[in-house]
Amino acid sequence: MLKLNVAFKTLGILGQILKNFPGSLKESLKLEIAKESYMIGLRSLNVLFTLIEENLENIVKDIVRLLQEEDVNKEKNIENRAEEFILKLTELLTCLFIKKTSNAVGSHKLKRTYDEILKEFDTTAVSLIDLSLSLDHFNFFPDKKVFNLSDKLKKNFFSSTILKYLVVDYFYMFPATYKLRQKVCDKLGISFTQFRLIDYKRKTKSK
């Protein structure tokens, strides 16, 4: 955990250099700093995955014990619930690391640098970071990028779930037209009901 903390601080420093001096840094240096920032985030996530995998049996046992203490019905499938909990936790942690990386290096002035990294590293992990950057730091919804990535990840349940989390987070944080949200939700298989509730709350608050 100490090493992860150091990694996050390093990521923050590199991100500040990139965002504060996008015009004065040489293109090659910007690219190198950005790539290393991506890799710090991904290596840190890999460390976390390794920790979970190496201690999975004990983690499941601990969660089962906690669920048994809270569950008066003593469900027979309580171990399945524990495993589902770990899966959800892993998904959320993955989103957290992706968002932390994209927030550290995110700036609309660095689009060219992001594009270069995506060309060099055509991987799912880098594609998700690139999408997070597009969602949070540019003034438009990257629907083509979302749809292309959705098609690419169609057979990858875990990664397609991360994609959905990133899109849902965007719609929670930023306003979007009804037509756009409906089109994206239909494509990704996201329930549209929750966004109607968001609209209702926003209208009620504005009144």
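Remember, predicted model here, so these are calculated numbers, not experimental data. Each chain carries its own residue numbering, running from 1 in the written order of its sequence. Owing to the predicted nature of the model, reporting of local features is limited to residues with pLDDT of at least 70; listing and counting of side-chain atom pairs is limited to 80 or more, with chain, interface and lining totals taken over all residues. Side-chain metrics in this entry use all non-hydrogen atoms of the structure; hydrogen atoms and water are not considered.

**Student:** Let's hear about the nonpolar core: which residues, and what values?
**Tutor:** Ranked by size, the top nonpolar core spans 43 residues in total, and within it Tyr38, Leu128, Phe141, Val167, Phe171, Val184 and Leu188 carry the most contacts. Among the elements of the structure, α1 (2–20), α2 (27–54), α4 (78–105), α5 (111–120), α6 (124–137), α7 (143–152), α8 (157–173) and α9 (178–188) are those that each provide at least two residues to this core. Numbering of helices and strands runs from the N terminus, with a helix taken as a DSSP run of H or I at least four residues long and a strand as a DSSP run of E at least two residues long. With seven residues, α8 is the single largest residue contributor to this core. To define a nonpolar core, start from buried Ala, Val, Leu, Ile, Met, Phe, Trp, Tyr and Cys residues and group those joined through side-chain atoms within 4.5 Å. The buried label goes to any residue with under 20% of its type's maximum accessible area, the exposed label to any with over 50%, and the partly exposed label to all in between, with areas taken from a 1.4 Å probe on protein chains only.

**Student:** So, the packing of helix α3 (residues 56–70) against α4: which residues are in play, and what are the values?
**Tutor:** It is the contact of α3 with α4, at a shortest axis distance of 9 Å, that shows an interaxial angle of 120°. As judged from the angle between their axes, α3 and α4 are oblique. Note on packing geometry: the crossing formed by α3 with α4 is right-handed. On the side of α3, the interface is formed by Leu56, Ile59, Val60, Ile63, Val64, Leu67 and Gln68, while α4 contributes Ile78, Glu79, Arg81, Ala82, Glu83, Phe85 and Ile86. Class assignment of the residues belonging to the contact of α3 with α4 gives a composition of 10 nonpolar, one polar and three charged. Axes here refer to lines fitted to C-alpha atoms; in helices the fit is confined to the stretch in contact. Angles between the N-to-C directions go from 0 to 180 degrees. Roughly parallel means an angle under 35 degrees; roughly antiparallel means over 145; roughly perpendicular covers 65 to 115; every other angle is labelled oblique. In this scheme, a crossing is called left-handed if the near helix is turned counterclockwise away from the far one by less than a right angle; it is called right-handed if the turn is clockwise. Contacts are assigned to residue pairs that have any heavy atoms within 4.5 Å of one another. Note that Gly is not counted as nonpolar here; it falls among the polar residues with everything else outside the nonpolar set of Ala, Val, Leu, Ile, Met, Phe, Trp, Tyr, Cys and Pro and the charged set of Asp, Glu, Lys and Arg.

**Student:** Could you give me a rundown of the packing of α1 against α2, with the residues and numbers involved?
**Tutor:** Where α1 meets α2, the axes come as close as 10 Å, and the angle between the chain directions of the two elements is 160°. Classified by the angle between their axes, α1 and α2 sit roughly antiparallel to one another. Crossing of α1 against α2: the hand is left-handed. Across from Leu4, Ala7, Thr10, Leu11, Leu14, Ile17 and Leu18 in α1, the residues of α2 making contact are Lys30, Ile33, Ala34, Glu36, Ser37, Ile40, Ser44 and Val47. Counted by class, the contact of α1 with α2 contains 10 nonpolar, three polar and two charged residues.

**Student:** Help me get a handle on a nonpolar patch on the surface, residues and values and all.
**Tutor:** A cluster of nonpolar residues, Met1, Val47 and Leu51, forms a patch on the protein surface that exposes about 300 Å² of accessible area. By the secondary structure assignment, Val47 is in helix α2. Here, patches come from residues exposed beyond 30% relative accessible area and free of salt bridges, joined within 9 Å for like charges and within 5 Å for nonpolar side chains (Val, Leu, Ile, Met, Phe, Trp, Tyr). Methods summary: accessible areas were calculated by the Shrake-Rupley approach with a probe of 1.4 Å, and residue burial reflects only the protein chains presented. What counts as a salt bridge is simple: a side-chain nitrogen of Lys or Arg found within 4 Å of a carboxyl oxygen of Asp or Glu.

**Student:** Could you give an account of α7, with specific residues and numbers?
**Tutor:** Given 3.6 residues per helical turn, the α-helix brings residues three or four places apart onto the same face. By the burial criterion, the buried members of α7 are Val146, Phe147, Leu149 and Ser150. One side of α7 holds all its buried residues, which, seen down the axis, span an arc of 165°. Among the exposed residues of α7, those pointing more than 90 degrees away from its buried face are Lys144 and Asn148. This arc is taken over the directions from the axis of the helix to the C-beta atoms.

**Student:** Before we move on, could you go through the pattern of salt bridges and cite the residues and values that matter?
**Tutor:** Taken as a whole and judged by the stated rule, the model has 14 salt bridges. Of the charged contacts, one joins Asp136 and Lys99 as a salt bridge, the two residues approaching to 2.5 Å between their closest N and O atoms. With Asp136 in helix α6 and Lys99 in helix α4, the pair connects residues that are 37 residues apart, well separated along the chain. Each member of the pair Asp136 and Lys99 is classed as buried.

**Student:** I'd love a proper account of the packing of aromatic side chains, names of residues and values included.
**Tutor:** Ring pairs shown here join Phe, Tyr and Trp side chains whose ring centres sit within 6.5 Å, with only the six-membered ring taken for Trp; geometry is labelled stacked below 30 degrees between planes, edge-to-face above 60, and tilted in between. Under the criterion given, the structure shown has eight aromatic pairs. Here Tyr170 and Phe171 contribute two aromatic rings whose centre-to-centre distance is 5.6 Å and whose plane-to-plane angle is 70°, an arrangement assigned as edge-to-face. Classification of Phe171 as buried rests on a relative accessible area of 1%. Consider the rings of Tyr170 and Phe174, whose centres lie 5.0 Å apart with planes at 40°: the pair is tilted. Among the residues examined, Tyr170 registers a relative accessible area of 7% and is labelled buried. By relative accessible area, Phe174 is classed as partly exposed at 31%. Put simply, the rings of Phe141, Tyr170, Phe171 and Phe174 touch in pairs and so form one group of aromatic residues. Above the plane of the ring of Phe8 lies Lys100, whose end atom (NZ or CZ) is 5.0 Å from the centre. Criterion for a charge above a ring: Arg CZ or Lys NZ at most 6 Å from the ring centre, at most 35 degrees from the ring normal.

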